[in-house]
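# Residue-level structure breakdown
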Amino acid sequence: MVDILFYIFAAVAIGSALGVVMSRNPVGSLLFMVATLASLAGIFVLLEAHFLAAVQVIVYAGAIMVLFLFVIMLLNLGHDYQKDLKWGAFSVLSFIVVGTLAGFLARALGAGSTGDVMSSAGGRSIDAAVSEFGAVGAIARPLFTTYVVPFEITGILLLVAIVGALVLAKRNV
Amino acid sequence: MTLDFSRNLDYFWALLPEIVLSVWAMVVLVAGVSGRHRPGQRTDSEGDPDFGQGATLGWLALAGILVAGFFNGWLYGVTEVGHTSMIAVDHFRLFANWIFLLAGALAILISFSYVYRQRLQVGEFYGLILLAITGMMFMAAARDLIVIFLGLEVMSISVYALTAFNRRDRKSGEAGLKYFLLGAFSTGFLLYGIALVYGATGSTNVVAIGASVANGTARTGLLTVGIALLTIGFAFKVSAVPFHMWTPDVYEGAPAPVTAFMSAAVKAAAFVAFLRVFLVGFDAATTYDIWYPIMWWLAAITMVVANLIALVQSNVKRMLAYSSIAHAGYLLVALTAANATAAAGMLFYLLVYTLMNIGAFAVVIAVSHQSEERLQIEDYAGFGWSNPLLGVLLTIFLLSLAGFPGTGGFMGKIYLLQGAADSGLWVLSVILVLSTMVSYWYYLRVAWFMWMREPVSEGQHDLVTAPLPMRLALVASVALILYMGIFPSSALGFAQASVHGLGSLGGGLLGLRP
C-alpha cells in the first residue's frame, strides 16, 4: 500500500515538476508547482514526517504559492513573453545535466544500501527524539538549543532582505 | 577567557564582533531614516566638501567597523574548548575578519563622494555594507555548513541590493537582477550539496564530516555528488571560469564602490569558507582524490580564459572584472595545493588583493568623476601628467595586480607558487606564471595610456577630484601594499600563525600528495 502510494506521489511530483518548466503559461507553471509541493508533502507523510508534511502544505503550497499567484496576476504579463520561450540547445543541455545528476544519485543511493536509511544512526536519533518530544518538539528543541545561532542569523537574513527590498522598491528616493 | 560551547551563553562572547557589527548596522539604518526628512537636506551644491548628511553616516559606519575590529582583536585572548563547535574561535577566522573589515572600511571611505553625487540613500547604503560584512564574518567563523549557508545568504542578499542600488541607472538595475537570479541559482547548488553531504556523513559540522570521511563511514557515492555540487556553489561565488558569466556584467553595472567592495570582500569570504570546508571537512586522502582534479581544472581554465578575455577589454571596469576572475584562478591554485603554505599564501594574497583592487577602483572612481562615465581606456590618456599623484598611485596598484617585484602582489604570487611547489603542482605553477605574464599586457596598457599618450582634449582631467576620505583610503592601501611588498615577512608570519590553528583541526593538511 505504502509502495503504491509512494509511486503515485512520486509520479505526480516528477510529472508536475516537468510541467513547471514546460508550461507556456506562468499561472499554469505555478499550479503545477503547487501540485509538486503537495505530492512532496504526501511523500513526507509516507516517511512518517507528519509535521514536515503539514508545514510543507501550509507554508509552501499555501502561503508562498498564493503570494506568487498574486504577483504574477498583478504583473499582468500579457503574451509578449511567449515568443521568447523557445527550445534551444540550453534547454536540452539542462535536461541532460539534470538527468545525469539524477542517475548518479540513484546509483549512489541504490548501491547495496537500500532500506537502511531509517535504521542508520541519523534515523535512529530522529526516532528517539520524536518519541521523547513529539514531532514538533523534535524540531523545535534543537532549533532553540543546538541550532540557536543559525536561528538568530536567520533573523539578520530577514532584516537584510527587507532592507534590500525596501531600498529597491520604494517609490520616492 | 575560555569558551565552552555546552553553555549556549558562550556563543554570545564568541560572536561579539558579528553582534556588534549587525547592531551597529541597524543603528546606521535608523539614523539614515530619521535624518532624511530634515528640511533643506538636498541642496546639491556640487562643491559641498562635507557631502551633506552622508558624511556623518559614513563616519558612523566606519566607527562601527573600528569597534567590531576592537572586539575582533579581543577574541585573540579567547580560547575554545574542543575545536568542534558550530562557531570557530581560531586565528584563521580572525585573520579573515581583518580582511573583511579592512575591505569594508576602504569601500566606505571611497564611496563618500560617489554616494553624494549619485544621491543614493546613504543610511541603507552603509547599513547594507555593514550587514554584508557581518555575513562574511559568519562565513569565516562557521564550522557548520548551515552557518556557512546563512552567512553566505546574508552577504549575498546585501550585495544584490547594493548592486542594484542606483535606481536612476538602468545598468545598475539590470546587473542587480542578473546577479540575483544567477546567485539564487548557485545558492540552490550549494544547498543541495550541503544536503547530500549531510546524507553521506550524517552531520553538517565540518569537523564531524572530516571524522566521518576519515574513518570510512561516509557513503562515497553521495559524498562525490555532494562535493561536486558544493564546488559549483562556491565556484559561482568566487567566479571561477565556467561559472563566471555573471561577473563582467555585474561588476560593470554595479555602482563602482560596490564593485570594489564585492570584487575583494565577497571573493575573500567565499574563499575562506571554501578553504575551511574543503581542508577540514574533505581533507582525507580519499576525498582529496575526488576534488583534486576538479579544482585543478577549475584553476587552470580560470587563469587562462580570464586573462585572455581581459586582453581585449576597452572598458576599465570590465577589464578589472576579468582581472578579478583571473585572481580567483590564482587563489584556486592554492586551494588545489591544499597544504599549510598554500593556505597561508592564500590569506596573504587575499589581504594584498583587497588592498590593491579597492585602491585601483578608488582611482577609477576619481577618474570617472564619482559617477559611471569615462570608463573607457581612452579616458585615461595623459591622465598621469595632469594628476601625477593619482597617476602614480594607479600605476602602483596596477603593477601590484600584475605582480611586479617590490609590490605586495608579487610576494603574494610567490607564496602561492611556493604552496603549489610544496604539493608538486608543476604544471599549474607554469600556467600561473605564464598567465601572469599575459596579464602584464592589459594592466600596463592602462599605465601606458596614462603616461605615454596625449590627452584627447584640453582640460580633459580638470574635474578629477579625490576628496579627503578617498585620499585616506588610497594612502593607506598604497602604504600597506609597498610595505608588504618590501617587508613581507611580518604579514606572512601572521598568516602562517593563523593557518596553524586550522591545520591542527584537520590533521591532514600537509603532505597529502607527493
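Structure shown above.
This structure is a prediction, so every number in the text was calculated from the model and none was measured. (Residues numbered from 1 in each chain as written. Chains lettered and ligands numbered in written order. Predicted model: local features only at pLDDT ≥ 70, side-chain atom pairs only at ≥ 80, totals over all residues.)

This part is about the overall build of chain B. Within chain B one finds 20 helices and 2 strands. In terms of overall size, chain B behaves like a compact globule, its C-alpha atoms giving a radius of gyration of 22 Å where 514 residues would be expected to give roughly 24 Å. Taken over the C-alpha atoms alone, chain B extends approximately 70 × 50 × 40 Å along its principal axes. The buried share of chain B, taken over its 514 residues, is 61%. Partitioning the intrachain contacts of chain B with sequence separation of at least 6 by distance along the chain shows that 82% fall at a separation of at least 24. (Helix = DSSP H or I, 4+ residues; strand = E, 2+ residues; numbered from the N terminus. Rg over C-alpha atoms; globule rule 2.2 N^0.38 Å. Buried ≥ 20, exposed ≤ 12 C-beta atoms within 10 Å, placed from the backbone. Contact = placed C-beta atoms within 7 Å.)

For the rest of this paragraph, the subject is the overall build of chain A. For chain A, the count of helices and strands is 6 helices and 0 strands. Overall, chain A shows an N-to-C arrangement of helices and strands of α-α-α-α-α-α. A compact globule built from 173 residues should have a C-alpha radius of gyration of about 16 Å, whereas chain A, at 20 Å, is more than 25% larger. Taken along its principal axes, the extent of the C-alpha atoms in chain A is 55 × 40 × 25 Å. Nonlocal contacts in chain A, meaning residues at least 24 apart in sequence, comprise 46% of its contacts between residues at least 6 apart.

This part covers helix α4 (residues 91-117) of chain B. Residues and elements named next belong to chain B. The end-to-end C-alpha distance of α4 is 40 Å, a good match for the 39 Å that 27 residues give at a rise of 1.5 Å each. When the local axis directions of α4 are compared, the greatest deviation, roughly 50 degrees, occurs at serine 111. The buried fraction of α4 is high, at 24 of 27 residues. Count one or two residues on from α4 and you reach arginine 119, which has phi positive near 50 degrees. (Expected span 1.5 Å × (residues − 1). Bend = angle between axes of the 7 residues up to and from the residue.)

Let's shift gears to unusual backbone geometry. Residues and elements named next belong to chain B. The backbone of arginine 119 shows a phi angle near 50 degrees, a positive value even though the residue is not glycine. Relative to the assigned elements, arginine 119 resides in the loop between α4 and α5 (122-141). In this structure, serine 239 takes a positive phi of about 55 degrees despite not being glycine. Residue position: serine 239 is located in the loop between α9 (220-238) and α10 (246-253).

What follows deals with the interface of chain A and chain B. Each partner contributes to the interface: chain A provides 24 residues, whereas chain B provides 31 residues. The set of elements that each furnish at least two residues to the side of chain A that touches chain B consists of α4 (89-110), α5 (121-144) and α6 (148-169) of chain A. Tallying contributions element by element places α6 of chain A first for the side of chain A that touches chain B, with 13 residues. Split by residue class, the side of chain A that touches chain B holds 18 nonpolar, 5 polar and 1 charged. (Nonpolar A, V, L, I, M, F, W, Y, C, P; charged D, E, K, R; others polar.)

Turning our eyes to something else, we now look at the environment of leucine 222 of chain B. Checked against the element boundaries, leucine 222 of chain B lands in helix α9. You can call leucine 222 of chain B buried: it has 22 C-beta atoms within 10 Å. With 18 residues separating them along the chain, leucine 222 of chain B and threonine 204 of chain B place their C-alpha atoms 14 Å apart. With residues near it in sequence (within four places) discarded, leucine 222 of chain B still touches Ala108 and Leu109 of chain A together with Leu196, Gly199 and Ala200 of chain B.

That's the geometry; what it means functionally is another story.
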